[in-house]
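# Tertiary structure, described
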Amino acid sequence: MMQELKVLTVCGAGVGTSTLLRMNIADAFKSYDLPFAVKVENTSLSRAKGTRCDLVVTFESFAEDARKFCPHVVVVKNLMDKQELREKVGAFLTETGLI
């Protein structure tokens, strides 16, 4: 069984947008009451390339690059739309057999 899922939220600079996305994605994962820990970190695309992760959550403009270093990439349209984030997290968990 998985001990910890490592999730990166990625934007260009790794500061503002990815920080807001990190908080909202963490909430989306918490809503599923999972039997393993989920660690969500925000970062820039360039720093993300050297980081091991199980999932990248990002925007369309960074998705192609993210797919080069992480097997699972979730693309979000609106980082403030908690329903969209919860649905996309749920789809990822289902597709990967984690729930």
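Here we summarise the structure given alongside this text. Values in this document were obtained by computation on a predicted structure and should not be read as measured data.

Further remarks concern the packing of helix α1 (residues 16–30) against helix α4 (residues 82–95). In a packed pair of helices, the relevant descriptors are the angle between the two axes and the axis-to-axis distance. At their nearest, the axes of α1 and α4 sit 9 Å apart, and the two run at 60° to each other. One way to sum up the angle between α1 and α4 is to call them oblique. The handedness of the crossing between α1 and α4 comes out as right-handed. Residue-level contacts link L21, N24, I25, D27, A28 and F29 of α1 to K82, L85, R86, V89, F92 and L93 of α4. Residues that form the contact of α1 with α4 fall into these classes: eight nonpolar, one polar and three charged.

So, about unusual backbone geometry. Although it is not a glycine, D33 adopts a positive phi angle of roughly 50°. Its place among the elements puts D33 in the loop between α1 and β2 (37–44). Residue D33 is classed as exposed on the basis of its relative accessible area of 69%.

The subject of this paragraph is α1. The terminal C-alpha atoms of α1 lie 22 Å apart, and with 15 residues this matches the ideal 21 Å at 1.5 Å per residue to within 8%. Listed as buried for α1 are S18, L21, N24, I25, A26, A28 and F29. Residues of α1 that are buried sit in contact with β1 (4–11), β2, β3 (55–58) and α4.

All right, on to the pattern of salt bridges then. Scanning the entire structure with this criterion turns up six salt bridges. A salt bridge links E41 to K6; the nearest nitrogen and oxygen atoms lie 3.7 Å apart. A residue pair is termed long-range when its members are at least 10 positions apart, and E41 in strand β2 and K6 in strand β1 qualify at 35 residues. Its relative accessible area of 13% is what places K6 among the buried residues. A relative accessible area of 26% means that E41 is categorised as partly exposed. Overlapping salt bridges, with partners in common, bring together K6, K39 and E41 in one network.

Conventions we followed
Residues numbered from 1 in each chain as written. Predicted model: local features only at pLDDT ≥ 70, side-chain atom pairs only at ≥ 80, totals over all residues. Heavy atoms only, no water. Axes fitted to C-alpha atoms, helices over the stretch in contact; angles between N-to-C directions. Helix = DSSP H or I, 4+ residues; strand = E, 2+ residues; numbered from the N terminus. Parallel < 35°, antiparallel > 145°, perpendicular 65-115°, else oblique. Left-handed = near helix turned anticlockwise from the far one by under 90°. Contact = heavy atoms within 4.5 Å. Nonpolar A, V, L, I, M, F, W, Y, C, P; charged D, E, K, R; others polar. Buried < 20%, exposed > 50% of the residue type's maximum accessible area, 1.4 Å probe, protein only. Expected span 1.5 Å × (residues − 1). Salt bridge = Lys/Arg side-chain N within 4 Å of Asp/Glu carboxyl O.

Spatial relationships are all this shows, so hold off on functional conclusions.
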